[in-house]
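# Summary of structural features
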Amino acid sequence: KPPNIRNFCMSYSGPLLEAYNSTLDQLKKLRTQHLILVARYIIGPSTKVKESKAKQSVSDGKGEDIETTKNVNNKPPKHLEEEGTGGTPLSTFLKNVRSDVEQAMLSK
């Protein structure tokens, strides 16, 4: 089992503790940006696919076509589903990971 960096940093103060917390702060910012990108490029398109409608022409019996809408498919393509590979809701998982990083920070 590899050594626990957090436990090592807990026994020191000063620059080491500040560097540890600074690293975690940057990781938290990365997790936040990752969450934003996932929302923009995965969850957003997934929602649009779910809401998309296909145009369908239906004859009204008088020789004229009426345009109606119906759902193409209630499920988005597999690669756009809002679940992670383990079946966890994607945004919930990413928020929990970010929260875990924040909780790992050490008080000064």
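Data block above holds the structure.
Residues numbered from 1 in each chain as written. Predicted model: local features only at pLDDT ≥ 70, side-chain atom pairs only at ≥ 80, totals over all residues. Heavy atoms only, no water.

## Some points on the overall build of the chain
The helix and strand inventory of the chain stands at three helices and two strands. Along the chain, from the amino end to the carboxyl end, the secondary structure elements read α-α-β-β-α. Relative to its 108 residues, the chain shows a buried fraction of 17%. Partitioning the intrachain contacts of the chain with sequence separation of at least 6 by distance along the chain shows that 57% fall at a separation of at least 24. Approximately 8400 Å² of the chain is accessible, and the part contributed by carbon and sulfur atoms is 54%. (Helix = DSSP H or I, 4+ residues; strand = E, 2+ residues; numbered from the N terminus. Buried < 20%, exposed > 50% of the residue type's maximum accessible area, 1.4 Å probe, protein only. Contact = heavy atoms within 4.5 Å. Areas by Shrake-Rupley, 256 points an atom, 1.4 Å probe, with all protein chains shown as cover.)

## Quick look at the packing of aromatic side chains
With the rule as written, the count across this model stands at one aromatic pair. The interplanar angle of 45 degrees and the centroid separation of 5.0 Å between the aromatic rings of F8 and Y12 together place this pair among those described as tilted. A relative accessible area of 46% means that F8 is categorised as partly exposed. Judged by relative accessible area, which is 44%, Y12 ranks as partly exposed. (Phe/Tyr/Trp six-rings, centres within 6.5 Å; stacked < 30°, edge-to-face > 60°.)

## A word on the pattern of salt bridges
The full count for this structure, using the stated rule, is two salt bridges. Between D25 and K29 there is a salt bridge whose closest N-O contact spans 3.6 Å. In this pair, D25 and K29 both sit in helix α2 (residues 15-51), four residues apart, roughly one turn of the helix. Under the relative-accessibility criterion, K29 is labelled partly exposed at 46%. (Salt bridge = Lys/Arg side-chain N within 4 Å of Asp/Glu carboxyl O.)

## What to know about the environment of I42
Turning to its location among the elements, I42 is positioned in helix α2. Note: C-alpha distance between I42 and L90 (48 residues apart in sequence) is 9.4 Å.

## Digging into the nonpolar core
Among the nonpolar cores identified, the biggest contains seven residues, and these are C9, L17, Y20, L24, V101, A104 and L106. Top contributing element to this core by residue count: α2, with three residues. Excluding residues within four positions of it along the chain, C9 makes contact with L16, L17, Y20 and L106. Ranked by size, the runner-up nonpolar core spans five residues in total, among them L35, I43, L90 and L94. (Core = buried A, V, L, I, M, F, W, Y, C linked by side-chain atoms within 4.5 Å.)

## So, helix α3 (residues 90-103)
Its 14 residues place the ends of α3 20 Å apart at the C-alpha level, agreeing with the 20 Å of an ideal helix rising 1.5 Å per residue. Here α3 has its buried residues at L90, L94, V97 and V101. Within α3, the buried residues cover an arc of 55 degrees as seen down the axis, which keeps them to one side. (Expected span 1.5 Å × (residues − 1). Arc of directions from axis to C-beta.)

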